[in-house]
Amino acid sequence: MTGATPRSAPELAAAVLAAASGSHLEATLREVLHAAVLHVEASFGALGVLSPDGRRLDRFVIEGMEEDDRRGIGTPPTGQGLLGLLVAEPVALRLADLADHPAFRGFPEGHPPMRSFLGVPVRVGDAVFGNLYLTEKQGGRPFTDADVEVTQALAAVAGLAIENARLLERAERRAWAQAGLDVSTALLSGADPGEVLRSAAARVAALSGAQAGGVLTPVPGSDGALRVMAAVGPNGPDAEGVHVRVDDEVLREVQQSGTPRLVTDVEFERLAAGAPELAALFSHAYGPAVLIPLGGPPALGTLVVMRRRDLEPFEPELLDLAGAFAAQATVALELVRSQERERRLQVQADRDRIARDLHDHVVQRIFATALALDRIGRSVEAETPDLARRLAERVDELDGTISRIRTSIFELQHQDASPEGVRHRLVEVVRSVVDGHGLRPDLRVHGEVEELPAALVPDVVATVRELMTNVVRHARAERVTVTVTVSDRVRVQVTDDGCGLPSITVRSGLANLADRAERRGGRLGATGGPSGTQVEWWVPLAR
């Protein structure tokens, strides 16, 4: 242990108070113990913290013992024997050889030899917080009366320092709680979720002493991809919107468990290696990080805050604060998510209604008008060919108008589809299959299709593509309706007004779809005849 020259008690007290003024409780305890060991020239020291009921030692902070020795000793003492004497009678105890005391019960195997002993209680206010134990004064000498007096004075100052640390932690908890409340209030008041998450990342970064942060959210319909929803820090704006595929067990564990996690420099390097899109922006400058899941399990997203590589790692106490913040923010996120889902479904229902009105009323009236004009043109073609030609031109214009309205109807129903979403993939499949074939498509999506399990999305998209392709190749149809419904199962229905199913010799595609459904506990069925066909594919969803 150290053999440094001891400092005066006032200097030690000032050092402890300075440490406590900006440190967490654990750091303060270590500063107190280090100062005591240094001052009385002890080889070993321990600060035992009492349990809430004051009857036993709950945990130990140790100074002067190698880590291998600590592991070899095993479980720290809980307050039996000589240590228990100070728990029961919190008064100063000085011994030239602790083995001579009747309460001494020996050392566990692997424990370093110790003779001289000095123990004093540490009080916070009127309550005993724990005991300060110092052993094996250097040079084989016993502890002196002066050592007792100075250690008692140091223990008194330590009590003040510990109280300051507790006040600091309570203030920090209030600050974190206020941050969670502010996030919840902003979300529930209708503020833009992106701005709120950006503000939340900035608040958490400031509270935790981080220099950068952001929120990662899963990309709907993808298999493990994440999107940077919001980011703060020197390169934050450049990172927002970036899609990354992170194959990292630490991040997956946080996402799946919903438990905050401290990340070391090495773990952060490994995590960044799986996200090359972000590595250039963040990984070279940052190291220690905290992953804070929002919601779950599994998490709706993960808030990440990072410190520069040249700074200290995050304190373990931060996990409790981060967990409380995440719990409060998650309640609001879940409610906002539910409200957004209801609004999205309502908007889609309104668009479907407008699309139906356009098709059933506007398009049909225009079509009837065009048909009437065409009949008039044909009836006067022999007598007034010029009038018949002009009527035919108007009929062509009306046909073009109908085509444009039908295109607008299709786009109206699906203009919300984000490029990375399942709805967008379905829209693109339908559009690509019917393009150039003169077939009028109608895609209808009911339920939360964006929440389909990522592993199931390829099967749904492949089913729509195969059934649509069959209609184009074999049905000789004019119109096809694709309905995708998500409830306790996902169901794909494709209905056309064509000539019916192809012969059995060309149905290998349907057989493949039937196999896909059966592997997942579902089935494929078809009904219809010469005037139209409906094929239905469905599989159950695990809830």
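Residues numbered from 1 in each chain as written. Predicted model: local features only at pLDDT ≥ 70, side-chain atom pairs only at ≥ 80, totals over all residues. Heavy atoms only, no water.

1. Describing the overall build of the protein
To be explicit about the condition: Secondary structure elements are defined from DSSP: runs of H or I of at least 4 residues count as helices, runs of E of at least 2 residues count as strands, and each element is numbered from the N terminus. Remark: exposure states derive from per-residue accessible area (1.4 Å probe, protein chains only) relative to the maximum for the residue type, with buried under 20%, exposed over 50%, and partly exposed in between. Whether two residues are in contact is decided by their heavy atoms, any of which lying within 4.5 Å being enough. Surface accessibility follows the Shrake-Rupley procedure with a 1.4 Å probe radius. Residue values consider only the protein chains on display as shielding.
On a plain count of helices and strands, the protein comes out with 15 helices and 16 strands. Within the protein, the fraction of its 543 residues that count as buried is 44%. Sequence separation of at least 24 residues holds for 64% of the intrachain contacts in the protein that already meet a minimum separation of 6. In the structure as shown, the protein presents an accessible area of about 27100 Å², 52% of it carried by carbon and sulfur atoms.

2. Observations regarding the packing of aromatic side chains
Where we set the bar: Only Phe, Tyr and Trp rings take part, Trp by its six-membered ring, and two of them pair if their centres are within 6.5 Å. Stacked means planes under 30 degrees apart, edge-to-face means over 60, and tilted covers everything else. For a Lys NZ or an Arg CZ to count as sitting over a ring, it must be within 6 Å of the ring centre and within 35 degrees of the ring normal.
For the structure on display, the rule yields 1 aromatic pair. Measuring from ring centre to ring centre gives 6.2 Å for phenylalanine 117 and tyrosine 133, while their planes differ by 35°; the resulting arrangement is tilted. Taken together, the residues phenylalanine 117 in strand β4 (residues 117-124) and tyrosine 133 in strand β5 (residues 127-137) connect sequence positions 16 residues apart. Note that arginine 307 overlies the ring of phenylalanine 314, its terminal NZ or CZ placed 4.1 Å from the centroid. A cation over an aromatic ring shows up here: arginine 489 above the ring of tryptophan 538, its NZ or CZ 3.8 Å from the ring centre.

3. Some remarks on the pattern of salt bridges
Note the following rule: Salt bridge, as applied in this entry: a Lys or Arg side-chain nitrogen positioned within 4 Å of an Asp or Glu carboxyl oxygen.
Under the criterion given, the structure shown has 16 salt bridges. A salt bridge links arginine 516 to aspartate 459, with the nearest nitrogen and oxygen atoms 2.4 Å apart. Residue arginine 516 is found in helix α15 (residues 508-519), and its partner aspartate 459 is found in helix α14 (residues 457-475); the two are separated by 57 residues along the sequence. Since its relative accessible area comes to 8%, aspartate 459 is described here as buried. For arginine 520, the salt bridge is made with aspartate 459, and the minimal N-O distance between the two is 2.8 Å. Here the residue arginine 520 occupies a position in the loop between α15 and β15 (523-529), and aspartate 459 occupies one in helix α14, the gap between them amounting to 61 residues. Residue class for arginine 520 comes out partly exposed when judged on its relative accessible area of 36%.

4. Concerning the nonpolar core
Keep this limit in mind: Within this scheme, the nonpolar core is defined by two criteria: the residues are buried Ala, Val, Leu, Ile, Met, Phe, Trp, Tyr or Cys, and they are joined through side-chain atoms within 4.5 Å.
Judged by nonpolar contacts, the single largest core of 36 residues is most densely connected at Leu426, Leu452, Val460, Val464, Val484 and Val490. If you list the elements that add at least two residues to this core, you get α13 (422-434), β12 (440-446), α14, β13 (479-486), β14 (489-496), α15 and β16 (532-540). Of all the elements, α14 adds the most residues to this core, at 8 residues. Judged by nonpolar contacts, the second largest core, of 24 residues, contains Leu29, Val37, Val49 and Val122.

5. Quick look at helix α8 (residues 249-257)
Since one α-helical turn is 3.6 residues long, residues separated by three or four positions face the same way. Our working definition: Of all possible arcs, the one meant is that of the directions from the helix axis to the C-beta atoms.
Buried residues of α8: Val250, Leu251, Val254 and Gln255, and no others. With its buried residues spanning 135° around the axis, α8 presents them on a single face. Turned more than 90 degrees from where α8 packs its buried face, Glu249 and Gln256 sit exposed. Phi for glycine 258, located one or two positions after α8, is positive at around 70°.

6. Quick word on helix α4 (residues 81-88)
Counting buried positions over the 8 residues of α4 gives 6, a clear majority of the element. Among all positions in α4, only Gly81, Leu82, Leu83, Gly84, Leu86 and Val87 are buried.

7. Here we look at unusual backbone geometry
Phi is positive for glutamate 41, which is not a glycine, with a value near 60°. One can find glutamate 41 in the loop between α2 (25-40) and β1 (42-50). A relative accessible area of 23% places glutamate 41 in the partly exposed class. Phi angles above zero are rare outside glycine, and glutamate 136 is one such case at about 60°. Of the residues examined, glutamate 136 reaches a relative accessible area of 23% and is grouped as partly exposed.

8. Quick word on the pairing of β13
Quick note on the threshold: Strands are labelled as partners when DSSP assigns at least two bridges between them. Clockwise travel from the first strand over the helix to the second, with the strands pointing away from the viewer, marks a crossover as right-handed.
The buried fraction of β13 is high, at 7 of 8 residues. Strand direction decides the pairing type here: β12 and β13, joined by 7 bridges, are parallel. Directly across from proline 441, in β13, lies its bridge partner valine 480. Following the backbone out of β12, through α14 and into the adjacent parallel β13, one traces a crossover that is left-handed. Bridge analysis of β13 against β14 gives 7 bridges, and the strand direction is antiparallel. Within the sheet, the bridge partner assigned to threonine 483 lies in β14 and is glutamine 493. In this structure, the hairpin formed by β13 and β14 is closed by a connection of 2 residues.

9. Looking at the side chain of lysine 137
Just so we agree on the cut-off: Polar contact criterion, stated in full: a pair of N or O atoms within 3.5 Å, where within protein one must be able to donate a hydrogen and the other to accept it, and residues adjacent in sequence count only if both atoms are side-chain atoms.
Mapped onto the elements, lysine 137 comes out in strand β5. On the basis of relative accessibility, which here comes to 5%, the residue lysine 137 falls in the buried class. Side-chain polar atoms of lysine 137 contact the side chain of aspartate 147, separated by 3.1 Å. Not counting chain neighbours up to four residues away, the residues in contact with lysine 137 comprise Val40, Glu41, Ala42, Ser116, Pro142, Phe143 and Asp147.

10. Some thoughts on the confidence of the model for the protein
Should the pLDDT be low somewhere, the predicted coordinates at that spot are not to be read in detail. Our working definition: pLDDT: the predictor's confidence for each residue, scored from 0 to 100.
Averaged over every residue, the pLDDT of the protein is 77; residues scoring 70 or more account for 80%. Confidence over residues 1-7 falls short of pLDDT 50; this stretch has 16 contacts with residues more than four positions distant or in other chains.

11. Description of the environment of valine 157
If you trace the backbone, valine 157 turns up in helix α5 (residues 145-188). Between the C-alpha atoms of valine 157 and arginine 123, which are 34 residues apart in sequence, the distance is 9.3 Å.

12. Some details on the packing of α13 against α14
Test applied: To obtain each axis, a line is fitted to C-alpha atoms, and for helices this fit is confined to the stretch in contact; angles are then taken between N-to-C directions over 0 to 180 degrees. Each angle is binned into one of four classes, with values under 35 degrees roughly parallel, values over 145 roughly antiparallel, values of 65 to 115 roughly perpendicular, and all other values oblique. In a left-handed crossing the near helix is turned counterclockwise from the far helix by less than a right angle, and in a right-handed crossing that turn is clockwise. Charged residues are taken to be Asp, Glu, Lys and Arg, nonpolar residues to be Ala, Val, Leu, Ile, Met, Phe, Trp, Tyr, Cys and Pro, and polar residues to be all remaining types, Gly included.
Axis separation between α13 and α14 bottoms out at 9 Å; the angle between their running directions is 20°. Relative to α14, the element α13 lies roughly parallel. You can see that α13 and α14 cross each other, and the crossing is right-handed. Across the interface between the two elements, Val422, Arg425, Leu426, Val429, Val430, Val433 and Val434 from α13 touch Val457, Val460, Val461, Val464, Arg465, Met468, Thr469 and Val472 from α14. A class-by-class count of the residues in the contact of α13 with α14 yields 12 nonpolar, 1 polar and 2 charged.

13. Here we look at the environment of asparagine 131
Here asparagine 131 is to be found in strand β5. In sequence terms asparagine 131 and leucine 57 are 74 residues apart; their C-alpha atoms lie 9.0 Å from each other. Excluding its chain neighbours within four sequence positions, the residues that come into contact with asparagine 131 are Ala46, Leu47, Gly48, Leu86, Val87, Val120, Pro121 and Val122. Side chain to side chain, asparagine 131 and tyrosine 133 meet in a polar contact 3.3 Å long.

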